[in-house]
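# Remarks on the overall topology
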Protein chains: 2
Amino acid sequence: MELADAILQGNRLALARLLTQVENDTPEGHLVLDSLYAYTGKAHLIGVTGAPGTGKSSLVNQLARVYRNPPQGHTPRRVGIVAVDPSSPFTGGAILGDRVRMRDLAGDPGVFIRSMATRGSLGGLAAATSGMVLALDAAGFEVILIETVGAGQAEVDIVRLAHTTLVVEAPGLGDEIQAIKAGILEIADLLVVNKADRPGVENTERALRGMLQLAHPVARTHGLHHGLHHGVAVTGRQPDQETVESTVWQPPVLRTVATEGTGVVELYNEIARHREYLENSGEWERREHTRLRSELEVLLQAALVARWRQTYGSQGAVQAVLERVLSRELSPWQAVTTLLDGLGE
Amino acid sequence: MELADAILQGNRLALARLLTQVENDTPEGHLVLDSLYAYTGKAHLIGVTGAPGTGKSSLVNQLARVYRNPPQGHTPRRVGIVAVDPSSPFTGGAILGDRVRMRDLAGDPGVFIRSMATRGSLGGLAAATSGMVLALDAAGFEVILIETVGAGQAEVDIVRLAHTTLVVEAPGLGDEIQAIKAGILEIADLLVVNKADRPGVENTERALRGMLQLAHPVARTHGLHHGLHHGVAVTGRQPDQETVESTVWQPPVLRTVATEGTGVVELYNEIARHREYLENSGEWERREHTRLRSELEVLLQAALVARWRQTYGSQGAVQAVLERVLSRELSPWQAVTTLLDGLGE
C-alpha cells in the first residue's frame, strides 16, 4: 500500500493525510492502519490530563522539548503529540490549535503535532485517538503524548490508551476541582502540580497526597504482599521500603512551572522511571492487553451496529418505531425488541 | 405490576427501589420502566451543567425551593433532582451526596433527590439517567432538575435529555474555563453567572455574551427570516425586536448568588418563559423527538452487542482473537471482521 509505505519511510505529508482519514473514519484510513499495525507497539504512550486552567498544553510542549534535547547520556526521542479536546462537540474546532503549538516546536522533523476536537460520539473520539496513536507509532515516533482537556469520562477513556498517565493540577482552582479529581487520581501514575510558583501550591500538594492515600490503598497492600512472596524477605525480616517500591508503583507528586521550564527535566526522569517499572513488573504487557481488549470491544460494538443497519435497519423501520415511542405506545426498550425481532415495519 | 402501581400511587420507597434497579441496570427495572412509560412525558426536564466550582448544587437546591414555594399566583410544583457525577468512574461514590442535599430539602414529600456516580460506560450513565428521569416523571414529579458535573461530552450527552438547559458559570475560574465552555454554550438555553458577588463578574458576563454571539449566529439569522415569513412584517416595515423574540430564543444571561438565594426567583421566571417558548414554537415536540431518537439508538446498540454475545461471542473466541492482536498478527479491525464472520475459534 502506497500511503502505508510512504509513512513507514517517514513521509510527513503521507502521515498527515492518514491522520485526516483516521479523524474522518474513512474505510481507506482503516485499510492503511491495518497494514501499519504490524509495525506498532514500540512507542511509549503518555497520557496527560487534568482540569482546564492547569497549563497542560505548555507542559506537553516543554516535555516534548526535553525529549528532543534530553539530559546528557540520554538519546533524543522522536515525539508525537495528539491533543484531544472532548469539550467542543459542536464547533469541531480544537481549542489547542496546531498553529499555536507549531510556533513552539516548528520545523523539528522529530516532532509531529495533531489536534482533534470531538466529532460525533465519544466512542468515535477514543477510536480516532487510538488510530492516530497507532499511525504515529508506526511512523517511528517513540514517545507519544496524548493530551486531553476536561474532567470526565472522556478523559478517562482516552487516557486508558496510555502506558503512563500524568494528571496535572494547579494551585488555586478551588476545592471542588480538587474533589472532582478523586476519580481521575486512581488512574494517575504521576501527579504534577503545575504553575507551582503560584500561592497555595502547598495546599494543592497536600490535598493531592491526601487523595492519593485514598485512591491507592489496595495497591499498597498488594505491594506488601508482593514483596513478601517474591522471596526477598528473609525469614523474620520485614520487606524494606526498596523492595516494596520495586514491585509497586507509588505515584510521585511533582512541581513544575511549565512556562519557565522549571521541573520539567525532573518530570522527564520520573516518566523514565515509570517506564522502567512498567517493563520490569510486567505491567507494560498487562496494560497493552487491557488496552487492546477494550479497543477490540469498542470496534466490535460499532461493527455490529453497522452490520445490523445494513441488513435490517432501514431508516423507515426505525422511524416507524420511533413514532410509536413518541406516542407512548411503546417504551424505548420495547421498541428495541420490536426492531431486533424484525417487526419494525 | 406491583412496584409500578406503588410508584404511580406515590410510594417513595417503591420509587427509591426502582431507581436502584435502574442504576444497576437490572431486567426487573426495565420491566417496571416499560409499564410506567405510558405515564411519562409530562415533566419539565431542566438540565443544569457547568464547570466544577460554579456552585451548581446550591443553585439547584435553591431552584427546587422556589418551585416548592413559588411567587404568588404560581402553583407549587413537585420537584425531582437527579445529580449525575461523570467524573468519578472508579470510586462509585457520588460527590454530591444525597445526605448533604437532604439537609436542605429534607422532609418535603414534594421533593425527591437522587445522586449517581459513573458506573461503567458513559452510554450506561446517560441511559441510567434517562431511566431515572422517566421514573420520576411517572411518579408525578413535574419539574426534574438534572445536574451534571464536568466539562466534556458526558455533560452534553446527559444534558441532551433536557427540555431546558442551564449553563452555570462563575467569576474568577480562569480564561481557559471560559474558552472550554464555547462548545457547551451552544446547547445553553439560559446562562447563569453564579457567585455574582465575586469580583470579576462583569468580565465573566461580557465573555459569555461575546461567546453567545459566536455560538448562536444561525439562530439569529433564522429568527429574522422567521419573523419576516410570518406576516408580521407589513410591507416596508422591518420586523421589530419583539417579533424576533417570539419566534427565536435568545439565551439570557442572569446573575445569581445561590448561597444567599439572590436572583433565583428571576431565574425561575426565565425558565418559565423558556417553557412557554418551547410550547409555542413547537420546539418542545422537536426536542422530545430528538431525545427519544438518540435514546433509541443507544439502546439498540447495547442490545445488538448483548445479542451477539449470547449467540456467537463466547469469551474464548474473543480471547483467541485478542491474542492474535497482541502478537500484531491481526489488526484490531481485522480481528473484528474475523469475529463477526464467525471464524474466531
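Since the structure is predicted, the reported quantities are computational estimates derived from the model, not experimental observations.

It is worth spelling out helix α12 (residues 264-281) of chain A at this point. Residues and elements named next belong to chain A. Taking 1.5 Å per residue, 18 residues should reach 26 Å; α12 reaches 25 Å between its end C-alpha atoms and fits that length. All of the buried residues in α12 are Val264, Leu267, Glu270, Ile271, His274 and Leu278. Taken around the axis of α12, the buried residues stretch over an arc of 110 degrees, which confines them to a single face. Opposite the buried face of α12, by more than 90 degrees, sit the exposed residues Glu276, Glu279 and Asn280. Buried residues along α12 sit in contact with β1 (44-50), α4 (56-68), β5 (164-169), β6 (190-193), β7 (253-255) and α13 (283-311). Backbone geometry just after α12 places Gly282 at a positive phi near 85 degrees.

What follows concerns unusual backbone geometry. Residue and element names in this part refer to chain B. Positive phi values are uncommon outside glycine, yet Lys195 reaches one of about 55 degrees. Within the fold, Lys195 resides in the loop between β6 (190-193) and α9 (201-215). Notably, Arg328 is not glycine yet its phi reads approximately 65 degrees, a positive angle. With respect to the element layout, Arg328 can be found in the loop between α14 (315-326) and α15 (332-340). You can call Arg328 exposed: it has 12 C-beta atoms within 10 Å.

Let's shift gears to the nonpolar core. Counting 158 residues, the largest nonpolar core has Ala135 of chain A together with Ala135 of chain B as the members making the most contacts within it. Sequence-distant contacts of Ala135 of chain B, defined by excluding residues within four places in its chain, comprise Ile7, Leu15, Leu18, Leu19, Val22, Leu33 and Leu36 of chain B.

Moving on, we come to the confidence of the model for chain A. Atomic detail in the predicted coordinates should be set aside for any region of low pLDDT. Residues and elements named next belong to chain A. Overall, the prediction assigns chain A a mean pLDDT of 79, with 73% of residues at 70 or greater. Of the regions scoring below 50 in pLDDT, residues 88-99 engages in 35 contacts with residues more than four places distant in sequence or in other chains. Interface confidence for the predicted complex, expressed as ipTM, amounts to 0.73; the pTM equals 0.64.

What follows is about the pairing of strand β5 (residues 164-169) of chain B. All names here are of chain B. Along β5, six of the six residues are buried, which leaves the element largely enclosed by surrounding structure. Neither face of β5 is exposed, since Thr164, Leu166 and Val168 on one face and Thr165, Val167 and Glu169 on the opposite face are all buried. Note that strand β1 (residues 44-50) and β5 share five bridges and pair parallel. Counterpart to Gly47 in the pairing with β5 is Thr165. One ladder, built from four bridges, connects β5 with β6; its direction is parallel. Paired with Val168 across the bridge in β6 is Val192.

Turning our eyes to something else, we now look at helix α3 (residues 27-36) of chain B. Here α3 of chain B has its buried residues at Gly29, Val32, Leu33 and Leu36 of chain B. Taken down its axis, α3 of chain B places every buried residue within 100 degrees of arc, on the same side.

Quick look at the environment of Thr165 of chain B now. Residues and elements named next belong to chain B. As for its placement among the helices and strands, Thr165 is situated in strand β5. We classify Thr165 as buried; it has 25 C-beta atoms within 10 Å. In sequence terms Thr165 and Glu147 are 18 residues apart; their C-alpha atoms lie 9.9 Å from each other. Beyond its immediate chain neighbours, meaning those up to four positions away, Thr165 contacts Gly47, Thr49, Val159, Ile187, Ala188 and Asp189.

What follows deals with the pairing of β6 of chain A. All names here are of chain A. Residues Leu190 and Val192 point to one face of β6 and Leu191 and Val193 to the other, with burial holding for every one of them. Inspection of the sheet shows β6 paired to β7 by three bridges, in the parallel sense. Residue Val193 lies in a different strand from β7, and its bridge partner there is Arg255.

Another point: the environment of Ala138 of chain B. Residue and element names in this part refer to chain B. When you line up the elements, Ala138 lands in helix α6 (residues 122-138). Of the residues examined, Ala138 has 24 C-beta atoms within 10 Å and is grouped as buried. Setting aside anything within four residues of it in sequence, one finds Ala138 in contact with Ile7, Leu8, Leu36, Tyr39 and Thr40.

Take the packing of α13 of chain A against helix α13 (residues 283-311) of chain B next. Running from N to C, α13 of chain A and α13 of chain B cross one another at 100 degrees; their axes reach a closest spacing of 9 Å. Relative to α13 of chain B, the element α13 of chain A lies roughly perpendicular. In this structure, α13 of chain A uses Gln301, Leu304, Val305 and Trp308 of chain A to contact α13 of chain B, whose residues at the interface are Gln301, Leu304, Val305 and Trp308 of chain B. For the contact of α13 of chain A with α13 of chain B, a count of residues per class yields six nonpolar, two polar and no charged.

Within the fold, Ser281 of chain B resides in helix α12 (residues 264-281). Spatially, the C-alpha atom of Ser281 of chain B lies 9.5 Å from that of Trp249 of chain B, the residues being 32 residues apart in sequence.

On to the packing of α13 of chain A against α15 of chain B, then. Running from amino to carboxyl end, α13 of chain A crosses α15 of chain B at an angle of 55 degrees, the nearest separation of the two axes being 9 Å. Comparing the axis directions of α13 of chain A and α15 of chain B gives the class oblique. In this structure, α13 of chain A meets α15 of chain B at a crossing whose hand is right-handed. Listed contacts from α15 of chain B to Leu292, Glu295, Leu296, Leu299, Leu300, Ala303 and Arg307 of chain A of α13 of chain A are Pro332, Trp333, Ala335, Val336, Leu339 and Leu340 of chain B. Across the contact of α13 of chain A with α15 of chain B, the residue classes tally to eleven nonpolar, no polar and two charged.

About the criteria used
- Residues numbered from 1 in each chain as written.
- Chains lettered and ligands numbered in written order.
- Predicted model: local features only at pLDDT ≥ 70, side-chain atom pairs only at ≥ 80, totals over all residues.
- Helix = DSSP H or I, 4+ residues; strand = E, 2+ residues; numbered from the N terminus.
- Expected span 1.5 Å × (residues − 1).
- Buried ≥ 20, exposed ≤ 12 C-beta atoms within 10 Å, placed from the backbone.
- Arc of directions from axis to C-beta.
- Contact = placed C-beta atoms within 7 Å.
- Core = buried A, V, L, I, M, F, W, Y, C linked by C-beta atoms within 7 Å.
- pLDDT = per-residue confidence, 0-100.
- Pairing = 2+ DSSP bridges.
- Axes fitted to C-alpha atoms, helices over the stretch in contact; angles between N-to-C directions.
- Parallel < 35°, antiparallel > 145°, perpendicular 65-115°, else oblique.
- Nonpolar A, V, L, I, M, F, W, Y, C, P; charged D, E, K, R; others polar.
- Left-handed = near helix turned anticlockwise from the far one by under 90°.

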